[in-house]
Structures are given as C-alpha cells and as structure tokens.
Amino acid sequence: RRRAALRIGACWRGHCVRQNRATLQKSSQKIRTWWRSSKVLGETVELVGDLLSIKRKMREAYYTIFIVKLQRKFREWSALRKGFRRTRLAVVKLQSHFRRRHASLEVDRLRCAVGPNVRRLPSQLVALMLDADKRFTRYRAFRPGEKVSKHSARVVRLKVLTKPLIWDIEDKIRPLQIFVKHR
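Treat the numbers as computed from the prediction; the structure is a model and nothing was measured.

1. Let's talk about the overall build of the protein chain
- A tally of helices and strands in the protein chain yields three helices and three strands.
- Helices and strands appear in the protein chain in the N-to-C order α-α-β-β-β-α.
- The C-alpha atoms of the protein chain give a radius of gyration of 39 Å, which is well past the 16 Å a tight globule of 183 residues would have.
- Scored against the burial criterion, the 183 residues of the protein chain give a buried share of 5%.
- Counted over contacts in the protein chain with a minimum sequence separation of 6, partners at least 24 positions apart contribute 48%.
- Within the structure as shown, the protein chain displays about 17,800 Å² of accessible surface, and the carbon and sulfur contribution to it stands at 60%.

Structure representation (structure tokens):
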C-alpha cells in the first residue's frame, strides 16, 4: 500500500512538472513568434519607406525634365519679348551675385584658417605668471618702470569695446573654446 501511494505521488509530481514545462514552452514559443514577427514588421516598414522615397524621387526626376523644358522655352520667349539688353543685364546681375558669394565664402575660409585678428582692438600689455603647474596661464599688469619681460602677452580690453565688437569676438572665439574643451 505504501509503495502504491509513493508511486501515485511520483506519477502526480511528474505530471505536474510535465504540465509546467509544457506551459513554459508554449509561453516561450509565443514570445519567440511575437519577436520574430515584430522584427519582420519593422524591416517591412523600412523597406516600404525606402520604396516610397525612391518612387517620389523618380517622379520628381520625370517631372523635372518637362519643367526644365518649359522654363527654357519661357526664358527664350521672355528674352525675345524684352530684348537682349535687359536679358544681358539680368545675367550680369546673377553672375555678380554668385561671384560675390563665392568670394565671401573664400574670405570666410581664409579667416577660419588664419584665426581671429585682435590686433586692431584696444589691448593692454601684461606679464605672464606661472601657476601651480609651472605653466604661464596667469597674468598681471606691468608695474610702473618695469622692463618688458620675455613672458608677456596682449590682453584685449573688453570693457571699452562696443557690444557688436564683443559679439563678433565671441563668435570667433567660440570654436576655439569648443576645440580646446573637447580635445
């Protein structure tokens, strides 16, 4: 009788374990199916978006051909109607605008390469002093009668500058500060 009771208990526990394992397998299968379908859905949405953008670009390219032809014909008709002199003046105006724009970009590039020019601004000659790390990062004004030392620099006097000049200096110095901070 005791053996039979042990046997029935073992069978019941085995049945419960098998049921729990089957439930876990069904749950994990459901999660696995959901994850795979969501990945496929995301990839499908991305592919559809790419296809729609390609379609829009193709349509724009197709219409652009006809728009360019129409614009060209209108300009020819307008040139004949207005005369060559006005057309030439318009072309010269456009050319001068784009040449000025190119020159200003070149000047900006050169100014960026050379750096800010503060020589034209009011400045004060100061003596550089050593800090705790033995670097010349501190400064003081020269004392009366003191000779100019080899460790000197010019400091721009911001208190006497106008607001637009200060803003201009800030715009020029900001990239340098960012570079030094994040190097």
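Next, the rest of the story.
2. Observations regarding the side chain of D131
- Turning to its location among the elements, D131 is positioned in the loop between strand 1 (123-130) and strand 2 (136-141).
- Summary of buried charges: D131 has no salt-bridge partner, and the nearest side chain of opposite charge, R135, is 5.9 Å away.
- A distance of 3.1 Å separates a polar atom in the side chain of D131 from the backbone nitrogen of D133.
- Within the structure, the side chain of D131 is placed 2.8 Å from the backbone nitrogen of R135, a separation counted as a polar contact.
- With sequence-adjacent residues up to four places away left out, D131 is seen in contact with T137 and R138.

3. Examining the layout of surface pockets
- What the second largest pocket holds in volume is close to 230 Å³.
- Every residue along the wall of the second largest pocket is listed here: F74, R75, S78, A79, K82, R86, T87, A90, V91 and L94.
- Of all the secondary structure elements, the ones that give two or more residues to the lining of the second largest pocket are helix 1 (2-82) and helix 2 (84-114).

4. Comments concerning the sheet that holds strand 2
- Strands sit in the order 2-1-3 across an open sheet of three strands; the sheet is antiparallel. In this open sheet, the two edge strands, each paired with only one partner strand, are strand 2 and strand 3 (152-156). Averaged over all adjacent pairs, the angle separating strand axes in this sheet is 50°, with direction ignored.
- When strand 1 meets strand 2, the two strands line up antiparallel, connected through five bridges. Within the sheet, the bridge partner assigned to A127 lies in strand 2 and is R140.

5. Some words on unusual backbone geometry
- Non-glycine residue K134 carries a positive phi angle of around 60°.
- Tracing the backbone through its elements, the reader meets K134 in the loop between strand 1 and strand 2.

6. A short note on the state of the cysteines
- According to the stated counting rule, one finds zero disulfides in the structure shown.
- The thiol of C11 is not disulfide-bonded; the next cysteine sulfur, from C16, is found 11 Å away.
- Overall, the relative accessible area of 48% leaves C11 in the partly exposed class.
- Among the residues examined, C16 registers a relative accessible area of 28% and is labelled partly exposed.

7. Some remarks on helix 3 (residues 163-181)
- Look at helix 3: 25 Å from first C-alpha to last across 19 residues, which is about the 27 Å you get at 1.5 Å a residue.
- I173 marks where helix 3 bends most, by close to 35°; the proline P175 follows one to four residues later.

8. Here we look at the pairing of strand 2
- Among the six residues in strand 2, zero count as buried, and that is only a small part of the element.
- Linkage of strand 1 to strand 2, two consecutive antiparallel strands, is achieved through a turn of five residues, within which K134 is found at a positive phi near 60°.

9. Looking at a nonpolar patch on the surface
- On the surface, a cluster of nonpolar side chains totalling about 530 Å² of accessible area is made up of Y62, Y63, I65, F66 and I67.
- Mapped onto the secondary structure, F66 falls in helix 1.

10. Quick word on the environment of K55
- By secondary structure assignment, the location of K55 is in helix 1.
- Its relative accessible area of 48% is what places K55 among the partly exposed residues.
- The spatial distance from the C-alpha of K55 to the C-alpha of I166 is 51 Å, given a sequence separation of 111 residues.

Definitions and cut-offs
- Residues numbered from 1 in each chain as written.
- Predicted model: local features only at pLDDT ≥ 70, side-chain atom pairs only at ≥ 80, totals over all residues.
- Heavy atoms only, no water.
- Helix = DSSP H or I, 4+ residues; strand = E, 2+ residues; numbered from the N terminus.
- Rg over C-alpha atoms; globule rule 2.2 N^0.38 Å.
- Buried < 20%, exposed > 50% of the residue type's maximum accessible area, 1.4 Å probe, protein only.
- Contact = heavy atoms within 4.5 Å.
- Areas by Shrake-Rupley, 256 points an atom, 1.4 Å probe, with all protein chains shown as cover.
- Lys, Arg positive; Asp, Glu negative; His and termini not counted.
- Salt bridge = Lys/Arg side-chain N within 4 Å of Asp/Glu carboxyl O.
- Polar contact = N/O pair within 3.5 Å; in protein donor to acceptor, adjacent residues only side chain to side chain.
- 1 Å grid on protein atoms, 1.4 Å probe; cavity = no way out; pocket = protein on both sides within 12 Å on 5 of 7 lines; lining within 4 Å.
- Points joined across faces, edges and corners; volume = space filled by probe spheres on them.
- Pairing = 2+ DSSP bridges.
- Axes fitted to C-alpha atoms, helices over the stretch in contact; angles between N-to-C directions.
- Disulfide = S-S within 2.5 Å.
- Expected span 1.5 Å × (residues − 1).
- Bend = angle between axes of the 7 residues up to and from the residue.
- Patch = residues over 30% accessible without salt bridge, like charges linked within 9 Å, V, L, I, M, F, W, Y side chains within 5 Å.

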